[in-house]
Amino acid sequence: MDINVSIVTQTLAVPIAIENKIQLDMLRLDTLHPHVSGNKWFKLKEQIKAFNKNDYKAILTFGGAYSNHLSAAAAACNYYNIPCLGIVRGAELSHNSNATLQFCIDQGMQLHFISREKYKEKDSASFHTDLKQKFGNVFIIPEGGNNILGRLGVASIYSYIQLNYDYIVLSVGSGTTLLGLSDSVDPTTKIVGYIPMKAGGNYANQYVTKNTNWQLIDAYHFGGFGKYNDTLVQFIKSFYQSYNIPLDIIYTGKMMYGLLNDIGLGKYPSNAKILCIHTGGLQGNASVSDKLGF
Ligand SMILES: *Cc1c(COP(=O)(O)O)cnc(C)c1O
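Okay, so let's go over this structure.

### Overview of the sheet that holds strand E10 (residues 273-278)
Read across the sheet, six strands follow the order E1-E2-E10-E7-E8-E9 without closing on themselves; strand pairing throughout is mixed. In the strand order of this sheet, the two ends are held by strand E1 (9-11) and strand E9 (214-217), each with one partner. The mean angle between the axes of side-by-side strands here comes to 25°, regardless of whether they run parallel or antiparallel. The pairing of E1 with strand E2 (residues 23-28) spans three bridges and is classified as antiparallel. If you follow glutamine 10 over to E2, its bridge partner there is methionine 26.

Structure follows, in structure tokens:
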């Protein structure tokens, strides 16, 4: 995406890291756009190129009611003047159900709400044929932007990484961002993915990669995907007060909590250079902004 932004890396003076002689830097992909997850822009980059090369009339994609991907797709299509459609999970919803869906509409995305049952067919060829019959020759992007083009796009996050870090730490959903990075990093760098959902370790089996330079940690799910408790809320609040960096409640808050806890537990060797990636997701905080205070 050629939007004109600077992506910065900043060093975090976190006491627990300093005590353990660890250099802790953060790559701020969240600053790409106030409403759009940084990694989602990267996942869309190559899809938009593919759309432009062919004679499609619109982009069509899928997401849940609070989807970071849907809002990123809506903003990207608005930016590039591409007509877009969002197929949303939940027939009971409407455009004014929440701030995410309202944002999508405001960006010009046309929303269609389908039942949870029907939504399960989101990757099936016959459903795609039906969608094309209904909406014309649309370019279909899977939920989350998670396909080979998404993985290719996120690989270019690597070009913003300036040091040879021992560890790159990030939050993991589908694993597309982790795998894209694993395709491109120096083999001496270890990638650690913190999973924000229960039993996330099972996901590891689904990830196919030529590299084995990564590992997954699923100890910090706080009850499951989208779940949180007061400890997490307080952590995000105090992190914001200390470093002036907003974290999101779904992904990056859990990742940073887990990383700092693991540093405290001695799971990262002293003198290690760690880069954590702020993948954004701040639009998802709309429902908890009262609690977080930002
Ligand atoms: C989607 C998302 C992730 C997970 O990315 P995957 O490529 O699906 O693993 C992490 N952080 C944020 C903020 C996201 O929106």
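We are not done yet, so read on.
### Structural notes on helix H3 (residues 68-80)
Given a rise of 1.5 Å per residue, 13 residues ought to cover 18 Å, and the 18 Å separating the end C-alpha atoms of H3 matches this to within 8%. Across the 13 residues of H3, ten count as buried, placing the element largely inside the fold. Along H3, the residues classified as buried are Asn68, His69, Leu70, Ser71, Ala72, Ala73, Ala74, Ala75, Ala76 and Cys77. Those residues of H3 hidden inside the fold are in contact with helix H2 (38-53), strand E3 (58-63), strand E4 (84-89), helix H4 (99-106) and strand E6 (138-141). The backbone nitrogen of histidine 69 has a side-chain oxygen 3.2 Å away, supplied by the residue at the start of H3, namely serine 67. Looking at the residues trailing H3, positive phi occurs at asparagine 81, about 60°.

### Side note on the packing of aromatic side chains
Within the structure shown, the criterion is met by 17 aromatic pairs. Relative to tyrosine 79, the ring of tryptophan 41 lies with its centre 6.4 Å away and its plane at 90°, an arrangement referred to as edge-to-face. Here tyrosine 79 lies in helix H3 and tryptophan 41 lies in helix H2, a separation of 38 residues in the sequence. For tryptophan 41, a relative accessible area of 3% gives the class buried. Here tyrosine 194 and tyrosine 220 contribute two aromatic rings whose centre-to-centre distance is 5.9 Å and whose plane-to-plane angle is 45°, an arrangement assigned as tilted. Taken together, the residues tyrosine 194 in strand E8 (residues 190-194) and tyrosine 220 in the loop between E9 and helix H9 (230-243) connect sequence positions 26 residues apart. The two residues tyrosine 194 and tyrosine 220 agree in class, both being buried. Residue placement shows lysine 40 over the ring face of tyrosine 251; its charged tip is 5.5 Å from the ring centre. In this arrangement the basic side chain of arginine 89 is found over the ring face of tyrosine 119, its NZ or CZ atom lying 5.3 Å from the centre.

### Structural notes on the pattern of salt bridges
One pass over the full model with this rule turns up seven salt bridges. A salt bridge links glutamate 92 to arginine 116, with the shortest nitrogen-to-oxygen separation between them at 2.5 Å. Within this pair, whereas glutamate 92 is found in the loop between E4 and H4, its partner arginine 116 is found in helix H5 (residues 116-119), the two being separated by 24 residues in sequence. Classification of glutamate 92 as exposed rests on a relative accessible area of 54%.

Basis of the calculations
Per-chain numbering applies: the sequence of each chain, read as written, is numbered from 1 onward. Note on the predicted model: pLDDT of at least 70 is required for a residue's local features to be given, and 80 or more for side-chain atom pairs to be given and counted; whole-chain, interface and lining totals, by contrast, use all residues. To obtain the side-chain values, all non-hydrogen atoms of the structure were included, while hydrogens and water were left out. Two strands qualify as a pair provided DSSP detects at least 2 bridges between them. The secondary structure listing takes helices from DSSP runs of H or I that are at least 4 residues long and strands from runs of E that are at least 2 residues long, numbered from the N terminus. Convention adopted: a line fitted to C-alpha atoms gives each axis, helices being fitted over their contacting stretch, and angles between N-to-C directions are expressed from 0 to 180 degrees. In this analysis, the expected span of each helix is defined as 1.5 Å times one less than the number of residues it contains. Any residue under 20% of the maximum accessible area for its type is buried, any over 50% is exposed, and the rest in between are partly exposed; the area is computed with a 1.4 Å probe on protein chains only. Residue contacts follow a heavy-atom distance rule, with two residues in contact if any of their heavy atoms lie within 4.5 Å. Within 3.5 Å is the distance limit for a polar contact, defined as a pair of N or O atoms, with the added protein rule that one can donate a hydrogen and the other accept it, and that residues adjacent in sequence qualify only through two side-chain atoms. Each pair of aromatic rings taken from Phe, Tyr and Trp, with Trp reduced to its six-membered ring, is defined by centres within 6.5 Å and is described as stacked if the planes are under 30 degrees apart, edge-to-face if over 60, and tilted in the remaining cases. Comment: the charge-over-ring label is applied if NZ (Lys) or CZ (Arg) is within 6 Å of the ring centre and within 35 degrees of the ring normal. The salt bridge criterion pairs a side-chain nitrogen of Lys or Arg with a carboxyl oxygen of Asp or Glu, the two atoms within 4 Å.

Treat this as a map of the structure, not an account of what it does.
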